[in-house]
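Summary of the model geometry
Below are the chains, spelled out letter by letter.
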Amino acid sequence: MPALKVGLQKLVDQLRALQKCFMSMEEPVNMNNSEDADSDLSTHRNRSRSSFDEGSLYISCTRPHSLVDPGKPYSSHSPVIKTGWLDKTPPKGTLIFQKRWVTLDAEFLRYYQNEKEVFSKRFIAVSTIADVLSVGEQKFEVVTKNRTFLFRAENSAVRGEWVAVLKETIQQLCSNGKTRSPSLSDAGGDSRGEKQGYLEMNGSRSKLFIVVSADRVFLYLNSEDRSQGIGITSIDMNMGSVKSTDPRAFSLNTCYKPFSFVAETTQQRDEWVEAMQACIGRSLSSDTVVWSVWVEESNRRCADCGAEDPDWASVNLCVVICKCCAGVHRSLGQSVSKVRSLRMDEKVWTDSLVQVFVQLGNDRSNLFWASNVPPSETIRPSSNNEERQNFIKTKYCQRKYRQYHRLFGCQEDLNKALCKSVQTGDLLETMSLVFCGADVNCSTGDPDVPNPLCIAQNYGRKLLEEFLFHNLNTEFPGVQDVERVIPQVAVPIPHAGILFKIGSTTRAVTERKGKGDFSQRWCTLDKGVFKYFDGEKRAHPCGEIKMSDVQCLVVNPLGKHGYLHTFELYQISGRIHLFGADTPDSVQQWIETIAKAIVPPEAEGMASWSFERVGRLRYTEGPNPHCPRACWVAAGGSTLLVLLHGTDRPESIDLRKLQELCVQPEPGPVVLVDRGRTLRLEGDRRADFPGWANSLQQGAGRGDGPLDQQQLTGTDVPVIVDRCLGFITQYGLKSEGIYRKAGVQSKVTALLSSLCLDARRVQLTEGEHKVDDVANTVKRFLRSVREGVFDGEQASLPWLRTVALSETSRRISQYQTLLASLPPVHQATLGAVINHLYCVQCFAEENKMDAHSLSIVFGPTLFQADGTDKSAGQVVEDLVQHYQAIFDVDAEHVKRQIEMISHIITAKEDRPDEETRTICGIYLEVKEEGSELLVQVSQKTTATDVVSEVLRRRNISSQPEDYWSCFLVNDKDDMERPLHYQEQVLPVCFSLDKDCHLVIKKNDYMKTILTCTDGWVNVTRNGHVQFCEEKGQRAKGSFSKRYCVVTATSLEIYKTPKSNHPEKDCHLQALKVYCGIRKKLQPPSSWGMTVVWTQDQHEMHRWYLCCESDQELTDWLATFFFLQHHGDLWPGTS
């Protein structure tokens, strides 16, 4: 007995020492030798912590209020069945119960200090509960094999609920076939990846029994408690990280609290750290993919060593491998083997890729890869690392054991066979061809399907498309002079120096990393390989990164992390590396050197540019969105540099002036519409792509930036300003008190918010928006925009001082000087606003707002002042009164502008119940001075109406044989199109740009066309033409002979008359036919026509067709017009 007392006293002393250790932390941890842990109870939210419970730890750590969910306690894998407050059995020697927050799920009964606690005071495995008994008043006992826990409910009804739910849960567990014996797996969950043992809590000599099991870490007082299924708390590792701190110590950090442990030796510490890191990996993984791949039985054995249940794979070599072999595969580099986890890289595993592995399987793949393996060279799961490396390198790098294809060595035949195999959908044959030297990027000679990947997409071969995509960058020994997707680097300059680095990760680094998270590394970049060492004199690197594997370089904003200057490297494998330093020159030199090492020579200018990110993306443009190509892209501010496939220099895109920017939900593309061309950028579910999308959105302009960061029109005016001023010009110039009357503040705020978010998508309409609301919106924007119209307070002072000049001519001259000194966007914005105010004051008799009245309103608005300084209003009044002189505007231009506005207003007043009309300038016979007439055009106005109005106003009598028509003329492209006599003119007017205009003249072709088509019924036409194509803004190739077929429904272009499928086709009603071809294309004859059609409302395509004679051209035009208009070519001829 004395010995027993000594032992108990020793245990108590150890527990108290451990308690002191916890109490020394930021959040106190309390321990004592009573069954539960508190001394008295005043309320369940306000308790004293002066005495402690036996056998429990008080880990005081609460979740933030926003995270507290009583129904979802921390680390509960199973759904919560019941929660609530219960009184816990009192400590020995006292009659006061302790209130506890209790939760029950299918695994554990847990109780906490309160409902906000993260870590439990105690948990009891449901599988160890033998019985639940009601005792006394409102009490019940939870009975295990060795202990009994007493609880008390608020009333008998609550107790009954708890007892019933506990018994039902135990019964459900039994019915599911789970054991109720207190085994290791019962108390700690799944035994997969388990490690257990005693660890000392840092700062104390007392130890806890720790179990790492599956994706959680469990804390017990001792191993006996572990066997009985009674523990202290558990830690869900999906939000944890592990870091070694001392030779024997390490810390397990969660987002709520750190746990510090001390092992007995450094080796044991490393084992614990490795076990917990593996636990974190399992917590972030999913078994969905691995079980889908294991459906094929051969995939349950490693393709290289035969180990069971492999959960890694090489997605380009199409083999499932174990963890040990995956390490060797990874060392080969991404250009040989792209290793992905079946558990953790879930985003990579599309349905198509999973089906590739199911259809092939390791057995079928090894029919190719391992058809000639000598028995003496095979490896087993027990093989050492050297044997494993030798075998895998021989198998996949030297390809010694592969089954050689019969066409091996004949490059051209291999490529042809690959294209044919892709069409037929033979996956194993395609794999054999590719890894025997067929070029995945070979040219097919067909511009619509230029490579095997496009063939797969065109024929709907999803599995082959997936396989080819993952092998676009694979190195193929023996293939010479093939076009590589990853080009040679621009300037491979060696470089070395000190950087600070954090451990690589597979997730984007969103949280701020302090300096303590970084480790100093000596870094070198030479021959396309970036290496980092523990020190300058170290012989072996800690790691290396091939520049050919880097797909994106990101320069972070200053101060994003602990080091002032940081950058990130994204690898094809999905690994992300973060580097930093405090010296700007050093980091900038590293950034430029790395950029030059990853971009091709044609994009070398990108490397020296001040980019925010540069890298490789896939893109599509034109009518076929299913044939993506690789491109190099650099983003910085509002500029996007893009090096497209087949071009020799990057082109610059001003993101602020995009016609449209659409960021589709991941993994969808980012769609840019620029000058009529649609460009789709794709990221293939990469970790860096959301950053690209965000960078493009920020560069495209938002309403919370200065003027030069806004979305802009082609004339550098912010879209917000342009939309509002245009609306007021059309609907509000005669509104009395315009700009002086207040709008509805809630509507003004809502409209401004919408415009600031994305002004391009906001359409102002008369029925939905009120003039005063829009007027106050543009005023509020101009008053609040950062730096204002005059580019800052200091820059506005010279404007205010100018009003002191007495002579008008001197003031005008000074205003002109100051205007010239403004940045381009500020100049354009100020010009647009003053032009608008000039137009407003021209209608002062109706709106009661002359130049002086407008200056009172807009002086404080434009100068962002409080209105006490009268100089602001005087400046605006001068600018409006002397608008033409200061802004150097032609008086005739202003006169025409006012006339057009007056016509619109008058037409609306004369016909208030009719639709709004607009004014369109139309020329008679030729575009020259004095030949233009302003004609009112409505939605119902046809080409015949316009022709009649122009001829009437010019007193020209029309004869039947004259065939007067309205032509749309494009001077830039040397082409014109006669409008059909019933065609509506208003849409054509709205589509006119500076190079296009409408002309009324005689149609020389019409008489011949009417004669040619007389008697036609069912018409088709075919024949040879000289053909050239243009997509977007670029012409493609030169003229070549093609066979053209026009039917009642479509226009089809064939390579030869014997071709089975057209190279190109288009629905007949979707195209417009113009006479003439752009002279810069150097057409082979002067008898040509231009066929224009638009896809997806933005992508414009032009086909140029040249004929050999004027009669042949007339026949083609007659066919097009006849079929498009069903024979109704002229009034009275149908």
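See the structure above.
First, a word on scope: everything that follows refers to the structure included in this document. (Residues numbered from 1 in each chain as written. Predicted model: local features only at pLDDT ≥ 70, side-chain atom pairs only at ≥ 80, totals over all residues. Heavy atoms only, no water.)

Moving on to the sheet that holds strand 18 (residues 312–314). The sheet built from 3 strands is open, its strands ordered 19-18-20 with antiparallel pairing. Strands with a single pairing partner mark the edges of an open sheet, and in this sheet they are strand 19 (319–321) and strand 20 (339–341). Averaged over all neighbouring strand pairs, the angle between strand axes comes to 30 degrees, with direction disregarded. Pairing between strand 18 and strand 20: 3 bridges, direction antiparallel. Following the sheet pairing, A313 is matched in strand 20 by R340. Sitting on the sheet, helix 7 (residues 323–331) touches strand 18, strand 19 and strand 20, and the angle it makes with strand 19 is about 120 degrees. (Pairing = 2+ DSSP bridges. Helix = DSSP H or I, 4+ residues; strand = E, 2+ residues; numbered from the N terminus. Axes fitted to C-alpha atoms, helices over the stretch in contact; angles between N-to-C directions. Contact = heavy atoms within 4.5 Å.)

Counting buried positions along strand 34 (residues 677–682) gives 6 out of 6 residues, so the element sits mostly inside the fold. Alternating positions in strand 34 separate into two faces, R677, L679 and L681 on one and T678, R680 and E682 on the other, with burial throughout. The pairing of strand 28 (residues 613–621) with strand 34 spans 4 bridges and is classified as antiparallel. Its bridge partner being in strand 34, T620 is matched across the sheet by R680. Across 5 bridges, strand 33 (residues 670–674) lies against strand 34 in antiparallel orientation. Within strand 34, the residue paired with D674 across the bridge is R677. (Buried < 20%, exposed > 50% of the residue type's maximum accessible area, 1.4 Å probe, protein only.)

So, on to the environment of S352. Relative to the helices and strands, S352 resides in helix 8 (residues 351–369). For S352 and F467, which are 115 residues apart along the polypeptide, the C-alpha to C-alpha distance reads 9.0 Å. Beyond its immediate chain neighbours, meaning those up to four positions away, S352 contacts K462, L463 and E466.

The next thing to look at is a negative patch on the surface. Together, D888, D890, E892, E899 and E929 line one region of the surface with negative charge. By the element assignment, E892 lies in helix 27 (residues 891–910). (Patch = residues over 30% accessible without salt bridge, like charges linked within 9 Å, V, L, I, M, F, W, Y side chains within 5 Å. Areas by Shrake-Rupley, 256 points an atom, 1.4 Å probe, with all protein chains shown as cover. Salt bridge = Lys/Arg side-chain N within 4 Å of Asp/Glu carboxyl O. Lys, Arg positive; Asp, Glu negative; His and termini not counted. Charge placed at Lys NZ, Arg CZ, Asp CG, Glu CD.)

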